[in-house]
Amino acid sequence: MDFDAVILAGGKSSRLGGVPKAQLRYDGATLLERAVAAARGAGSVVVVGPDPGTLPDGTLTAREEPPFAGPAAAIAAGLLALGHGGETQDGEEPSTKHAPWVLVLACDMPLAAAAVPVLLREVAGHQDTDGAMSVSGDGRKQPLLGIYRVSALQREVQAAGEERGLVNAAVFRLLARLDLQAVPVPAGSTDDVDTWDDAAALGVDGDLP
């Protein structure tokens, strides 16, 4: 299935004392590296956040406006980057090559890769919907680990921007009008790192590379 990916890596990490989540390490790789790897198979990948350092060739970067404006604003910045990323090597506008689906993934879920193929299979089997959102084993929905129809997501981003703005907007509210499949995903794949206790429970290393 054709999809692109928006990886969110621009939070303030307030409950981590400002230590960038993206640069924490799990199993020998940074959380950002693991998120990029989880998006394997995407046609285009954009990382939204501060300068991420070294990324795989061809990875796009973007920044939400203003910085630290929250995940809804970051999703908008990612979609913009995917639609206006300059020319491809053959000189065509990238928008002519873009996939109809986009994986939205926060970089603070070290085990998210296990959920991505589950979401892809769900969307492939329900292409009349607007996408699929992960649901943890205890029933919590995780909108920042989901696959969404680009046209539907762009529509809601535009409407939110016109109605109330995207700065610090709730992602659940942004997605509220979409027809989404709620998809149970493998245990632990939606576990995220918000605090040092979370990091310790997941085995995430707080020593920066």
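Here, the structure is the one placed above.
**Q** Please explain the sheet that holds strand β1 (residues 3-8) as it appears in this structure.
**A** Note: strands within a sheet are paired through backbone hydrogen bonds, in either parallel or antiparallel orientation. One open sheet holds the seven strands; their spatial order is β5-β4-β1-β6-β8-β7-β9, and the pairing between them is mixed. Looking at which strands have only one partner, the edges of the open sheet turn out to be β5 (60-62) and β9 (180-184). Across this sheet, the average inter-strand angle for adjacent strands is 25 degrees, counted without regard to direction. Along the sheet, helix α2 (residues 71-83) makes contact with β1, β4 (45-48), β5, β6 (101-106) and β8 (141-149), crossing β1 at roughly 140 degrees. Across the face of the sheet, helix α3 (residues 116-125) comes into contact with β1, β6, β7 (131-135), β8 and β9 while running at roughly 45 degrees to β8.

**Q** Would you mind showing me how to read the side chain of Glu64 here?
**A** Structurally, Glu64 can be placed in the loop between β5 and α2. Taking the relative accessible area as the measure of exposure, Glu64 reaches 2% and is therefore buried. Of note is the side chain of Glu64, whose polar atom sits 2.9 Å from the side chain of Arg63. One polar contact links the side chain of Glu64 to the main-chain amide nitrogen of Phe68, over a distance of 3.0 Å.

**Q** Would you explain the pattern of salt bridges in this entry?
**A** Where side chains of opposite charge bring their charged atoms close, a pairing between them can arise. One pass over the full model with this rule turns up nine salt bridges. With its nearest N and O atoms 3.6 Å apart, the salt bridge here joins Asp194 to Arg15. Here Asp194 is found in the loop between β9 and α6 (196-202), whereas its partner Arg15 is found in the loop between β1 and β2 (25-26), with 179 residues between them in sequence. The class of Arg15 is exposed, set by a relative accessible area of 56%.

**Q** Would you explain the packing of aromatic side chains in this entry?
**A** Centre-to-centre distance and the angle between the planes together describe a pair of aromatic rings. The final tally for this structure, using the stated rule, is zero aromatic pairs. The ring of Phe68 is capped by Arg63, whose NZ or CZ atom sits 4.9 Å from the centre of that ring.

**Q** What is the right way to look at the packing of α2 against helix α4 (residues 150-163) in this model?
**A** A pair of packed helices is captured by two measures, namely the crossing angle of their axes and the spacing between those axes. Viewed as axis vectors pointing N to C, α2 and α4 meet at an angle of 125 degrees, and their least axial separation amounts to 10 Å. On the basis of the axis angle, α2 is oblique to α4. As α2 packs across α4, the resulting crossing turns out to be left-handed. Of α4, the residues touching α2 (which contributes Ile75, Ala76 and Leu79) are Leu153, Gln154 and Val157.

**Q** When you look at the environment of Ala115 in this model, what are you seeing that I'm missing?
**A** Following the sequence through the fold, Ala115 ends up in the loop between β6 and α3. Taking relative accessible area as the criterion, Ala115 reaches 0% and is therefore assigned buried. Excluding anything up to four places from it in sequence, Ala115 contacts Ser134, Leu145, Val185, Pro186 and Ser189.

**Q** Would you take a moment to explain α2 for this structure?
**A** What sets the pattern is the α-helix's 3.6 residues per turn: residues three or four places apart point alike. For α2, with 13 residues, the first-to-last C-alpha span of 18 Å sits near the 18 Å given by 1.5 Å per residue. The buried fraction of α2 amounts to eleven of the 13 residues, a majority that puts the element mostly inside the structure. Residues of α2 that are buried include every one of Ala72, Ala73, Ala74, Ile75, Ala76, Ala77, Gly78, Leu79, Ala81, Leu82 and Gly83, and no others.

**Q** How do you make sense of the pairing of β8 when you look at a structure like this?
**A** Taken residue by residue, a regular strand's side chains alternate between the two faces of the sheet. Most of β8 is tucked away: seven of the nine residues are buried. Note: β6 against β8, five bridges, orientation antiparallel. Bridge pairing in β8 places Val104 opposite Gly146. In terms of strand pairing, β7 meets β8 through five bridges, oriented antiparallel. Within β8, the residue paired with Ala132 across the bridge is Ile147. Between β7 and β8, which pair antiparallel and follow one another directly, the connecting turn spans five residues, one of which, Gly139, has a positive phi of 90 degrees.

What counts as what
- Residues numbered from 1 in each chain as written.
- Predicted model: local features only at pLDDT ≥ 70, side-chain atom pairs only at ≥ 80, totals over all residues.
- Heavy atoms only, no water.
- Pairing = 2+ DSSP bridges.
- Helix = DSSP H or I, 4+ residues; strand = E, 2+ residues; numbered from the N terminus.
- Axes fitted to C-alpha atoms, helices over the stretch in contact; angles between N-to-C directions.
- Contact = heavy atoms within 4.5 Å.
- Buried < 20%, exposed > 50% of the residue type's maximum accessible area, 1.4 Å probe, protein only.
- Polar contact = N/O pair within 3.5 Å; in protein donor to acceptor, adjacent residues only side chain to side chain.
- Salt bridge = Lys/Arg side-chain N within 4 Å of Asp/Glu carboxyl O.
- Phe/Tyr/Trp six-rings, centres within 6.5 Å; stacked < 30°, edge-to-face > 60°.
- Lys NZ or Arg CZ within 6 Å of the ring centre and 35° of its normal.
- Parallel < 35°, antiparallel > 145°, perpendicular 65-115°, else oblique.
- Left-handed = near helix turned anticlockwise from the far one by under 90°.
- Expected span 1.5 Å × (residues − 1).

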